[in-house]
Amino acid sequence: VDGHDHAAVLEVRWALAANSGNWRDALAIAVSLTSLMPDKSEGWIYQGSALSELGRHDDAYAVLLQGHERFPHDEILAYDLGCVCCSLGRDDEAAGWIHKAIALAGDEMRQRAIDDPDLERIRDRLKTAD
C-alpha cells in the first residue's frame, strides 16, 4: 500500500470517527494524516475540527494557523480560523479570516458564513463586501 492509498483509508477513518462524535480518535487520525501527507491541507483542517469539537480552541487555532502558513490560498483553513476566533471571542480577527475566505472562494462562501451559527457574533460584518 502506498502513501496515497493509506491516506485515503485514514480520511475514511477520520470521517467515521467524526460522524460518530469520537473526536479523540478523529484527532489522532488527523495527526497521522498530516504526517503522511504534509502537502495536503486536509490533515490540518481535520485536526482543527477535532480540536474545536474537543473544546480545545486555542490548540485548534495554532494548528489551523500552521496549516494556513503552508496553504495560504486554502479558503477552508481561513474559514475555520474565523470560526475558531469567533469561539475565542476574537471578533475582529474572526471577521478578517472570514473576509479572506470569501475573497478566496467568492460570494457562495459569504452566504455559508452568514448562515453559520458558529459565526453569529459577527454576522452583521459579513453581509457587505469589504
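Up top you'll find the structure we're talking about.
Caption draft 1: How the structure looks around the packing of aromatic side chains. Taken as a whole and judged by the stated rule, the model has three aromatic pairs. Considering the side-chain rings of Trp14 and Tyr46, the 4.1 Å spacing of their centres and the 10° angle between planes classify their relative orientation as stacked. Of this pair, Trp14 sits in helix H1 (residues 3-19) while Tyr46 is found in helix H3 (residues 42-53), placing the two residues 32 residues apart along the sequence. Residue Trp14 is classed as buried on the basis of its relative accessible area, which comes to 12%. Overall, Tyr46 belongs to the buried group, its relative accessible area being 15%. In this structure an aromatic cluster arises from ring pairing among Trp14, Trp23 and Tyr46. In this arrangement the basic side chain of Arg90 is found over the ring face of Tyr61, its NZ or CZ atom lying 4.3 Å from the centre. Residue placement shows Arg112 over the ring face of Tyr79; its charged tip is 4.2 Å from the ring centre.

Caption draft 2: Looking closely at empty space enclosed by the protein. This model, assessed by the stated rule, comprises one cavity of 30 Å³ or more. What the largest cavity holds in volume is close to 30 Å³. Around the largest cavity, the lining residues are Glu11, Leu33, Met37, Lys40, Glu42 and Gly43.

Caption draft 3: Looking closely at the side chain of Arg123. Tracing the chain through its elements places Arg123 in helix H8 (residues 123-126). The buried charged residue Arg123 lacks any salt bridge, with Glu120 as its nearest oppositely charged partner at 4.5 Å. A distance of 3.1 Å separates a polar atom in the side chain of Arg123 from the backbone oxygen of Asp116. Those residues in contact with Arg123 that sit more than four places away from it in its chain are Ile114, Asp115, Asp116 and Pro117.

Caption draft 4: Examining the packing of helix H6 (residues 91-105) against helix H7 (residues 107-115) more closely. Look at H6 against H7: their axes get within 6 Å of each other, and the N-to-C directions meet at 145°. Residues Ile98, His99, Ala101, Ile102 and Ala105 of H6 touch H7, and the partners they reach there are Asp107, Met109, Arg110 and Ala113.

Caption draft 5: Structural detail: H7. Three or more residues of H7 are buried, namely Met109, Arg110, Ala113 and Ile114. For H7, the buried positions fall inside an angular range of 140° around the axis, keeping them on one side. The exposed residues of H7 that point more than 90 degrees off its buried face are Glu108 and Asp115. At its buried positions, H7 is contacted by helix H5 (75-87), H6 and H8.

Conventions and cut-offs
- Residues numbered from 1 in each chain as written.
- Predicted model: local features only at pLDDT ≥ 70, side-chain atom pairs only at ≥ 80, totals over all residues.
- Heavy atoms only, no water.
- Phe/Tyr/Trp six-rings, centres within 6.5 Å; stacked < 30°, edge-to-face > 60°.
- Helix = DSSP H or I, 4+ residues; strand = E, 2+ residues; numbered from the N terminus.
- Buried < 20%, exposed > 50% of the residue type's maximum accessible area, 1.4 Å probe, protein only.
- Lys NZ or Arg CZ within 6 Å of the ring centre and 35° of its normal.
- 1 Å grid on protein atoms, 1.4 Å probe; cavity = no way out; pocket = protein on both sides within 12 Å on 5 of 7 lines; lining within 4 Å.
- Points joined across faces, edges and corners; volume = space filled by probe spheres on them.
- Lys, Arg positive; Asp, Glu negative; His and termini not counted.
- Salt bridge = Lys/Arg side-chain N within 4 Å of Asp/Glu carboxyl O.
- Polar contact = N/O pair within 3.5 Å; in protein donor to acceptor, adjacent residues only side chain to side chain.
- Contact = heavy atoms within 4.5 Å.
- Axes fitted to C-alpha atoms, helices over the stretch in contact; angles between N-to-C directions.
- Arc of directions from axis to C-beta.

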